Every structure is written in C-alpha cells, then in structure tokens.
Protein chains: 2
Amino acid sequence: MNNREKKVQRQSKLQEIIKSNPFITDEELADKFKISVQTIRLDRLELGIPELRERIKNVAEDKFSKVKAIVGREFVGELIDITIGKNAISILDTDDSLVFEKTKVVKGQHIYAMAETLALAIVDAKAALTGVANIKYKRPVYAGERLVAKGEIVRTRGNKFFVWVFIYVNQQEVFRGKFILVSIDECKEE
Amino acid sequence: MNNREKKVQRQSKLQEIIKSNPFITDEELADKFKISVQTIRLDRLELGIPELRERIKNVAEDKFSKVKAIVGREFVGELIDITIGKNAISILDTDDSLVFEKTKVVKGQHIYAMAETLALAIVDAKAALTGVANIKYKRPVYAGERLVAKGEIVRTRGNKFFVWVFIYVNQQEVFRGKFILVSIDECKEE
C-alpha cells in the first residue's frame, strides 16, 4: 500500500471514529493512529471536519432545540445530550476567568450555575424556577479542568420536579446537587 | 426665622440624619422634611454629601478593608456592615441583566452568588471554600427589587464554618441558605 492509499484509508477511518465519538480530541486521535497531532489536523482540514470545540457547539445547538424552560445563551456550559423530562449531559471547560483570586479555585457560583441551568433544561415545562437546592462540593475544581455534568429527573409531583445533578472531572465526582424546580405556570407567590 | 435661617437649620439636621443613616434615600428625606426631592438634592450638593449610591459604595469599600477570604471585586453586592468572624449585611439592586428571559425572575445563580460571597466575607480565614450549601428560594425575585442579605456564623468547628444567610426584599424573606465553608489552609483534596 503506497502513502496515498494509506492516507485515504486513514482518513476514512478517522471520519468513522469522529462520527461515532464527536468529542474525541486531536491528541487522542493522534495516539490512536500513532501519528502526529499536526497530521490529524491536516486530515480534518482536508475532510472538512471542524475542530473539537466547533463540533461540541454544533451538537449543543442541535440538542438545545428540544429545550423549553431556558434559552440557549443562558445555559452555562454546552449541552451534549438530552432527553427532555428525563436526563441530560453538559460540559464546561473551566478557565482563569472562573476562579477566586485567593484560592485559584473555580467559584461555587459557576458550578452552581452549570448545575441549575442543566436542571432547568431537562424539565418538560415552558418555564420553571428553582425552589430548593441541596449541594455539596466534593473537591476543589481548578482552572483548565473539564466539568461533565449529568442531570436526571428522579421524581415529578404536581408542578414540582426533583432533579439530581452530578458533576465530574475525569470521572471523579466533584459536585452533587439535588434541586426541586417548580414549573411556573402553577407557581404562586407566597 | 427667615428663609436663610430655616435652610441652615434644615441642612444641619439633614447632615445629622444622613450621618446616622447613610442608606436613607432622597425620597425618604423629602418626606421627612416635607420638601421636594429636588430641594434635598440641592441641599446635598451644597453640603457636599454624595448621592445614595455613592454613599453605599464608600461604606462598602471601607467595610471591605476588614475582609480576608475574598477580594472586593469578586463580592456580589455591596457590603454595608461586617464584624469579621460573626456577621455581615450586604445589598444588591437587581436589574434586567440578572433575570431569566422566560420568567423575568432573577436567576438563582445570582442570588446564590450574593449569599456565597457574603458567607465567604464573614469568615475569619485567609482563604476558604464552600463545602456544602442547603438553600431555599421562598418567592421569585423580580428585576428592580433590592435584596438585603444578612449572614451569620452560627458555629465553627476546626476549619469548618457554619454560616446562615437570609435574603430579604422589603423585610420579606425571599431566600435562605446554610453554608458550610472550609478554610483552605487545612483543606485537603480527597
């Protein structure tokens, strides 16, 4: 097999892999094929496959079309999977803009916002509010770490939705939150 | 007593009142003196007393000099009273930039951030993290409402601080949160 043939074969395989796992990084691909990251980038360019960040965004926008209770630009993170009324997954790449200066630890408010907006996204209601949240930070999160949030509706009672959200860094749990959301149509002021 | 004398007397009284209550509004002052808001403004101008927003900021900056665990620009709201290691009060004037588009209700994440940063400010430690938060939103908050947050350390155990934060609009409770903060010097990753 000459170089030309090798390349065609590799690119066809590359296309297949990215299709089945759109969140694979160029580094992981380079590792898989035992070639340089630079070559992977050139392959992607030739094949017209956008870079990881762009692929994530495309999936997120597509997924978001199903969401009812929150608009896209208010969502904290990128929505990568969702079954309305059931569960959802989002990711958030943390950076220096999200940390407390003193501790260099990502502010609780950002992790909270990621979890709260994920919970809202799952709810099958035109609008909803947070009523209660019980949350636990298991370990500090540092800038550069990628947060993966998994949310699930565990119970629905009348206009109340009980949603659990777990957030992980490299499969390690860093946060868990139990939210009770109230759909707004029936929500009355006290 | 001629007009000139009346004015001097009023301005002296005005100065006294604002000194003892720097957060009184021009409207409240006008009411008290039974004169127009415009006259109050002119009086303040002549006396060199800054407007309410400016006065709040001045007090907040002064109060902040005592805070250890968080830097001023990271604080959500204005700190208007604090006894380090004990309790503190902050205010936040909400506006349209803080609400969810769908519900026009102030996002939980902002109220949460106000409460979390107030809790951090009270703690007598160089740096601290949120470990646990149990929070309850009692009624929706709408843009334009002024939030007044009161925080108090209810218990300290080793490097853990148990802080309660209550947030009010016109004396009505809209939020309550119990936080457990961990001072960072002794905080270990799990």
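Scroll up to find the structure this text is about.
Presented here is a report on the structure given in the accompanying data block. (Residues numbered from 1 in each chain as written. Chains lettered and ligands numbered in written order. Predicted model: local features only at pLDDT ≥ 70, side-chain atom pairs only at ≥ 80, totals over all residues. Heavy atoms only, no water.)

### A word on the pattern of salt bridges
All names here are of chain B. Keep this limit in mind: For this document, the term salt bridge refers to a Lys or Arg side-chain nitrogen within 4 Å of an Asp or Glu carboxyl oxygen. Here a helix means four or more residues in a row that DSSP labels H or I, a strand means two or more in a row labelled E, and each is numbered from the N terminus.
Taken as a whole and judged by the stated rule, the model has 24 salt bridges over all chains. In this structure, Lys7 and Glu46 form a salt bridge, with 2.9 Å as the shortest nitrogen-oxygen distance. Taken together, the residues span a long stretch of sequence, with Lys7 in helix α1 (residues 3–20) and Glu46 in helix α3 (residues 37–47) at a distance of 39 residues.

### Points about the interface of chain A and chain B
How big an interface is tends to be expressed through the accessible area that disappears when the partners come together. Basically, it comes down to this: Contacts are assigned to residue pairs with any non-hydrogen atoms lying within 4.5 Å of each other. Simply put, the buried area is the total loss of 1.4 Å probe accessible area from both parts when two parts are fitted together. Pairs of N or O atoms are called polar contacts if they sit within 3.5 Å, as long as, within protein, a hydrogen donor faces a hydrogen acceptor (for residues adjacent in sequence, only side-chain-to-side-chain pairs). Nonpolar residues are Ala, Val, Leu, Ile, Met, Phe, Trp, Tyr, Cys and Pro. Charged residues are Asp, Glu, Lys and Arg, and all others, Gly as well, are polar. Two strands form a pair only when DSSP identifies at least two bridges running between them.
Facing the 41 residues of chain A at the interface are 41 residues of chain B. Counting the surface lost from both chain A and chain B, the interface buries some 3,300 Å², and carbon and sulfur atoms represent 55% of this. Where chain A meets chain B, there are two salt bridges. Viewed at the interface, chain B and chain A are joined by 14 residue pairs in polar contact (both at pLDDT 80 or more). Elements with a minimum of two residues in the side of chain A that touches chain B: α5 (108–122) and β3 (128–137) of chain A. Here the side of chain A that touches chain B takes ten residues from β3(A), the largest share from any one element. For the side of chain A that touches chain B, a count of residues per class yields 20 nonpolar, eight polar and 13 charged. With five bridges connecting them, β3(A) and strand β3 (residues 128–137) of chain B associate as antiparallel partners. Looking across to β3(B), one finds that A:Val132 is bridged to B:Lys136.

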